[in-house]
Amino acid sequence: MKENIIGMALLSGISLSAAAHNNHELASTHSLASPEHALSTYQLAFSSDLQKAQYLTRYHDAVLDVKDNYLVLMLNQAQFAELQGNGALIFSRAQSNVLPNGAPIINSPVTSRNQSAGQISGIPNFPCYPTLAETQQIAQTLAQTYPDFVELKHIGPSWEKSQGLGGHDLTVLVLKNKKKNKWRKRPALYMQGALHAREYTPGAITLKFAKYLLENRETNADINWIMDQREIHILLIANPDGRVLAEQGQLWRKNTNTAYCALDDTMRGVDLNRNFDFAWAAPTGGSTDEQCATTYHGPTAASEPETQAIQAYLKGLFKDRRGDLLSDPAPLNTQGVFLDLHSYSRYVMWPWSSELTSSPNAEQLSMMGHRMAAYNGYLAFQTNKVFNAGGSAEGYAYGQLGVASFSFELGNTFFESCANFEGEIFPNNLNALIYAAKVAKRPYKMPAGPQIDDLRLQGAGSEAIPAGTPVQIIATVADDLFGRSLNGQLPPSEAIQKVELTIKRKGKRAKKRILLPAADGVFDNVYESLNYTLDTHRWRQGRYTLTFRAQDANGQWGPKYAKFLTIDNGAVPGSVAPVADFVADCRRGVCGFDGSVTQDDRNALTYRWVLAGERFFGVFHGEQVEIDYHLAGNYQLTLRVEDSHGYRDTKTVQLALDGIRPPVAQFSYQCSGLTCEFDSSASTDPDGEIVERLWRMGESATYLPGAKKATHTFNAPGEYLISLVVIDNDNEFHEVWQNITVTENK
């Protein structure tokens, strides 16, 4: 086992080593009768990405929903008092859409939008998420339908199967061109989902990604060369026994091993993402010896059959390229990428997850992590900046084998709505997964090179065209295309130096290379545009592959991007651009947008929607989307449509949308000596009523809940910061502050 370093981390003055105990207390006390352990629903406000991440880390098991400036979570009285005592803005919430065991209430707004009359497939109330049994059946069907590209591997048993109690196999779906690579091993992308059973989205995205690759292999040139030049290994459901329980609405995280937590069968099992044989049970590892805790790491490293199966498979798939010391980096020519998909929080993370130091490949991992975050719009950071997870799968893949390893935290909840999964989570993460497959040959080098974004062949698109049809190559080339960074520091970028186009006709060996010019005539910036007209007059009939790549001023090439172009002299060229249009069906806080009224001479359109407001930004895909924007206000909606010939149109409108309107806090005061009277009668709520007020007096944060008027006697003269929080009947809030001077004089 490779060396482990012990460290200590603090979170907002609260030791993270206590988090495991608190999570256990939260998760298990629903069965306890004592009032101090009873759970209540609270809102916990955050003021920054870092504070949000810290709260999500510590109270991950408690969170019911994530909004733009607060979390909804279930805590006991002691946890509430601790947060309040540390200065957090936290207050009681009137209602919840989730039961204490974590299952959605069937009549809640979240589940009602997912309900399908006569639902015959998928997890109950979530038809977009296949059950474990359906996932296994779909995998079998894919193997039968695409025998030259799919192989199913059963890599080991679940705990229940290892004990002869039924159970399941851990199944890996391997995608590759078996005929072309019969005797050749290609660089591999390995990904897994649902290591934590209750996380619906990761298990669904692994299967949907596999289907996308197979179904688009013949029409999408990027997918075609990925299937030829890479191996994609997908562990569809990494915790199958636990997943079965989660599908029944239980907030199940661990495997189902009955050897642990004899006092409470509902809390049995091991947290598989703390059980791997690297930094196992590390003091800074965010795990515990308490068997009933949600982060119980098991009695020994890799004690569980699921963990053993995954480790054995990774050892067979990837070479060990890292030394025994934590300071030993993996060589820059190391191949392969490991992705562990979880939910929720909208993060892209990389090792270390258990050490206080940066990993020896931190610079390279940060570069690739920020590149992937540019595609899915997530926040990028090294895992240990927020999460402590010794014995994690991500830590094992990098720590033991040197593989470039990342964890994605998808979406905002364990029970992500189907509308959001289909319209936002899958399409935005799809390009991040494709990027990971592309750079798997050199993940420590290739991401340092430029990306080619928004590439299209206007005039051809995905359609066949006759020779002589002008084709306009339009794209942006960027060396500074990164997602947001938790610490605000982005990786370095360089000016673009050149862009190369390679043209090859199917069935022919000859290739033609062209250096494409910048749209403004010179490459001298980190961000450049391409607008080049391709002359096809002398092109023969057939399908051509156009492959693009870009190089920066340091001489580093980025990954390849490919498009098919088919010449057929019997084809009819397209020249009519679509006219983007939509209809909207909006109700309070939610809008459905339908782009089917867009005018075009062909049916094959793609749709991209961007909705932006003061406290909301989202990118969605599909002809019809449903967007939960929550708050009333002024928004800008942009619909971009593209037809099958690569022509586009964009429509942007300003929308005044109805929704929840937060209250407005105001207060006045007057003092007589050390005693001051505060009056919040001027506070208002535009769409309801104020149901609660919370006064915070001075730096010591003495709380005075409830009344419109409050009286407080200070201990000594001085300057004091006074805060008023007003909460309305929609659980929205507003806080205002005033500095006051208190004297002894009357």
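About the cut-offs
- Residues numbered from 1 in each chain as written.
- Predicted model: local features only at pLDDT ≥ 70, side-chain atom pairs only at ≥ 80, totals over all residues.
- Heavy atoms only, no water.
- Pairing = 2+ DSSP bridges.
- Helix = DSSP H or I, 4+ residues; strand = E, 2+ residues; numbered from the N terminus.
- Axes fitted to C-alpha atoms, helices over the stretch in contact; angles between N-to-C directions.
- Contact = heavy atoms within 4.5 Å.
- Disulfide = S-S within 2.5 Å.
- Salt bridge = Lys/Arg side-chain N within 4 Å of Asp/Glu carboxyl O.
- Buried < 20%, exposed > 50% of the residue type's maximum accessible area, 1.4 Å probe, protein only.
- Parallel < 35°, antiparallel > 145°, perpendicular 65-115°, else oblique.
- Left-handed = near helix turned anticlockwise from the far one by under 90°.
- Nonpolar A, V, L, I, M, F, W, Y, C, P; charged D, E, K, R; others polar.
- Core = buried A, V, L, I, M, F, W, Y, C linked by side-chain atoms within 4.5 Å.

Focus: the sheet that holds strand β19 (residues 511-516)
In space, the 4 strands of this open sheet follow the order β19-β18-β21-β22, with antiparallel pairing throughout. Each edge of the sheet is formed by a strand with only one pairing partner; in this case those strands are β19 and β22 (561-567). Shown here is a sheet whose adjacent strand axes are inclined to one another by a mean of 25°, direction ignored. Across 9 bridges, strand β18 (residues 496-505) lies against strand β21 (residues 542-552) in antiparallel orientation. Looking across to β21, one finds that K504 is bridged to T545. Helix α8 (residues 221-229) rests against β21 and β22 of the sheet, and its axis sits at about 115° to β22.

Observations concerning the state of the cysteines
Scanning the entire structure with this criterion turns up 4 disulfides. Cysteines bonded in the chain are numbered consecutively along the chain; their disulfide partners then correspond to 1-4, 2-3, 5-6, 7-8.

Concerning the pattern of salt bridges
Across all of its chains, the model carries 26 salt bridges by this definition. Close ionic contact of R640 with D454 constitutes a salt bridge, the shortest N to O distance being 3.7 Å. One end of the pair, R640, is in strand β28 (residues 633-642); the other, D454, is in strand β15 (residues 451-458), and 186 residues separate them in sequence. In this structure R640 comes out as partly exposed when scored by relative accessible area, which is 23%. Since its relative accessible area comes to 32%, D454 is described here as partly exposed.

Describing the packing of α8 against helix α13 (residues 418-438)
Running from amino to carboxyl end, α8 crosses α13 at an angle of 40°, the nearest separation of the two axes being 10 Å. Comparing their axes, α13 and α8 come out oblique. Pair α8 / α13 crosses with left-handed handedness. Residue-level contacts link D222, I223, W225 and I226 of α8 to I434, A437 and K438 of α13. Residue composition of the contact of α8 with α13, by class: 5 nonpolar, no polar and 2 charged.

Things to note about the nonpolar core
One finds L175, F209, L339, M372, F408, L534 and L546 to be the most contacted residues of the largest nonpolar core, which totals 150 residues. Looking at this core element by element, the count peaks at 11 residues for α13. Contact partners of L175, with chain neighbours within four places excluded, come to F149, V150, A210, L213, L214, M227, R230, E231, I232 and I234. Membership of the second largest hydrophobic core comes to 22 residues, among which are W609, L611, Y635 and L637.

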